[in-house]
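One letter stands for each residue in the lines below.
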Amino acid sequence: MRKRLFSAIQPSGTLHIGNYLGAIRNWVKLQYDYESFFCIVDLHAITVPQNPKELRKKTIEVAKIYLACGIDPKVSTIFIQSQVPQHAEMMWLLNTITKVSELKRMTQFKDKSEGKGVLAGLLNYPILMAADILLYDTNVVPVGEDQLQHVELTRTLARRFNSKFKNLLVEPKALIEKEGMRIMGLDDPSKKMSKSADSSYNYISLTDSDEIIKDKIKKAVTDSGKSIKYTDTKQAIKNLINIYALLDNAKPADIEEAYRRKGYAAFKTDLAEIVISFLKPLQGKMRSIEDAEVIKILNQGAEKAREIAQIKLSEVKKIIGLIV
Ligand code: AMP
Ligand code: TRP
């Protein structure tokens, strides 16, 4: 039997090249080695305020991005989290074995919970993520390094459940792809590119037009000095070289060499062309996918996911002492 893989993206904001390079690109390759589940986690998205109409639109858009990037619905299961109610139910059960101190320690929680009126959903977010993963006997979870802490907590909860009750939950491993793992913001290379960034100059969205891409890359911050060097002391250019290298299947050292005498302007012009020629066909594919087709794929995905998730959920409930 093939090992299981589970991963997910929130339908909040616009997916950007960081999401592609750090996540979806790896999924496309991995789907042939693992029995894969790719979820659109709308219940996670609502832990911060969302506009209902936008949320619906984004949810379908993420599904189209999955498909356009090469996730094959004949090979993998694609579904919307809220259409599989077992996730929320499993979360409640796990919530009874999770310590508040464990949740408060999460970096993402600490980052997002500044100020007063912090919502419980934000604190409990990693328990829902653990439920997503554990319901499917997941072996591997491909994610960016920022999610590592959440996967660790998932492992802790699985172990805790297993030793408290019975060996029912599979302990998953995080799969981190080194190179693509952290694409930084174009306007601030000390922080990761993020769809919730204040300025759209932080990211290149997968749906940006050619003109916008050119403008954003032109305005991307650069380091002091003129040379194109791939080094940790030049975070801005290092990040741009990473994007170039990943999209063009090139080595950073070769890019450095190629632009040694050409300087920033030429490098940025070429980088914009590379990003555009990568995104053009992707955007074309997205436009060619009808809403009805996506909805059908999502319905079939949810149906399959519910069947699998229900088996695990019932086992868990029984062992805890709930009457099933
Ligand atoms: P998020 O955008 O936070 O919902 O993340 C969705 C997936 O994309 C996760 O696997 C993240 O780790 C990954 N991801 C998000 N932002 C980046 C980034 N700037 N660089 C690399 N991977 C990212
Ligand atoms: N928390 C993840 C993120 O923001 C999204 C996510 C939710 C996820 N459930 C998951 C990722 C399960 C992997 C597996 O990126």
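Preceding this paragraph is the structure being described.
So, here is what we can say about the structure in this document. In this text, all values refer to a predicted model and were calculated from it rather than measured experimentally. Positions within a chain are numbered from 1, following the residues in the order the chain's sequence is written. All chains are assigned letters beginning with A, and all ligands numbers beginning with 1, in the order in which they are written. Reporting of local features is limited, given that this is a predicted model, to residues whose pLDDT is at least 70; pairs of side-chain atoms are given and counted only at 80 or more, and all residues count toward the totals for whole chains, interfaces and linings. Working from all heavy atoms in the structure, the side-chain values ignore hydrogens and water.

Moving on, we come to the site of ligand 2. Taken together, 13 residues sit near ligand 2, with Q10, Y125, M129, D132 and Q147 positioned nearest. Under the rule applied, a polar contact is a pair of N or O atoms within 3.5 Å (in protein, one hydrogen donor and one hydrogen acceptor; residues adjacent in sequence only if both atoms are side-chain atoms). Contact between ligand 2 and Q10: an oxygen atom at 3.0 Å from a side-chain N or O atom of the residue. Within the contact set of ligand 2, a nitrogen atom lies 2.7 Å away from a side-chain nitrogen or oxygen of Y125. The fraction of the free accessible surface of ligand 2 (370 Å²) that becomes covered by protein chains is 90%. For the shell around ligand 2, the secondary-structure elements that each account for two or more residues are β1 (4-9) and α7 (120-134). Element by element, the count of residues in the shell around ligand 2 is highest for α7, at 4 residues. By convention in this text, a residue qualifies as near a molecule or strand provided that one of its non-hydrogen atoms is within 4 Å of it. In this description, accessible areas are obtained by the Shrake-Rupley approach with a 1.4 Å probe, and a residue is regarded as covered only by the protein chains that are shown. Comment: elements are numbered from the N terminus, with helices defined as DSSP H or I runs of at least four residues and strands as E runs of at least two.

What follows deals with the pattern of salt bridges. The salt bridge definition used is simple: a Lys or Arg side-chain nitrogen within 4 Å of an Asp or Glu carboxyl oxygen. Counting across every chain of the model gives 21 salt bridges. Measuring nitrogen to oxygen at the nearest pair gives 2.8 Å for the salt bridge that ties D146 to K192. Placement of D146 in the loop between β4 (140-142) and α8 (148-164) and of K192 in the loop between β5 (173-175) and α9 (210-219) is noted, with a sequence separation of 46 residues between them. For K312, the salt bridge is made with E315, and the minimal N-O distance between the two is 3.6 Å. Within this pair, K312 and its partner E315 are both found in helix α13 (residues 291-320), separated by 3 residues, close to a single helical turn. Residue class for K312 comes out buried when judged on its relative accessible area of 6%. Among the charged side chains, a salt-bridge network with shared partners connects E152, R155, R159 and E171. Exposure categories follow from relative accessible area, calculated using a 1.4 Å probe and restricted to protein chains: below 20% of the type maximum is buried, above 50% is exposed, and the middle band is partly exposed.

A few words on the site of ligand 1. Taken together, the neighbourhood of ligand 1 is formed by 17 residues, with N19, D146, I183, M193 and K195 sitting nearest. Take I183: an N or O atom from its main chain is 2.7 Å from a nitrogen atom of ligand 1. Measuring from an oxygen atom of ligand 1, one finds a side-chain N or O atom of K195 at 2.8 Å. Across the complex, the protein chains shield 93% of the 470 Å² of accessible surface that ligand 1 would expose by itself. Residue contributions to the shell around ligand 1 peak at 4 residues, all from helix α1 (residues 17-30). Under this grouping Gly is polar, as are all residues other than the nonpolar Ala, Val, Leu, Ile, Met, Phe, Trp, Tyr, Cys and Pro and the charged Asp, Glu, Lys and Arg. Partitioning the shell around ligand 1 into residue classes produces 6 nonpolar, 7 polar and 4 charged.

Right, let's get into unusual backbone geometry. The bulk of non-glycine residues show a negative phi, and the bulk of peptide bonds are trans. Phi angles above zero are rare outside glycine, and D137 is one such case at about 50 degrees. With respect to the element layout, D137 can be found in the loop between α7 and β4. In this model, N249 sits at a positive phi of 50 degrees, which is unusual for a non-glycine residue. Mapped onto the elements of the fold, N249 is located in the loop between α10 (235-248) and α11 (252-258).

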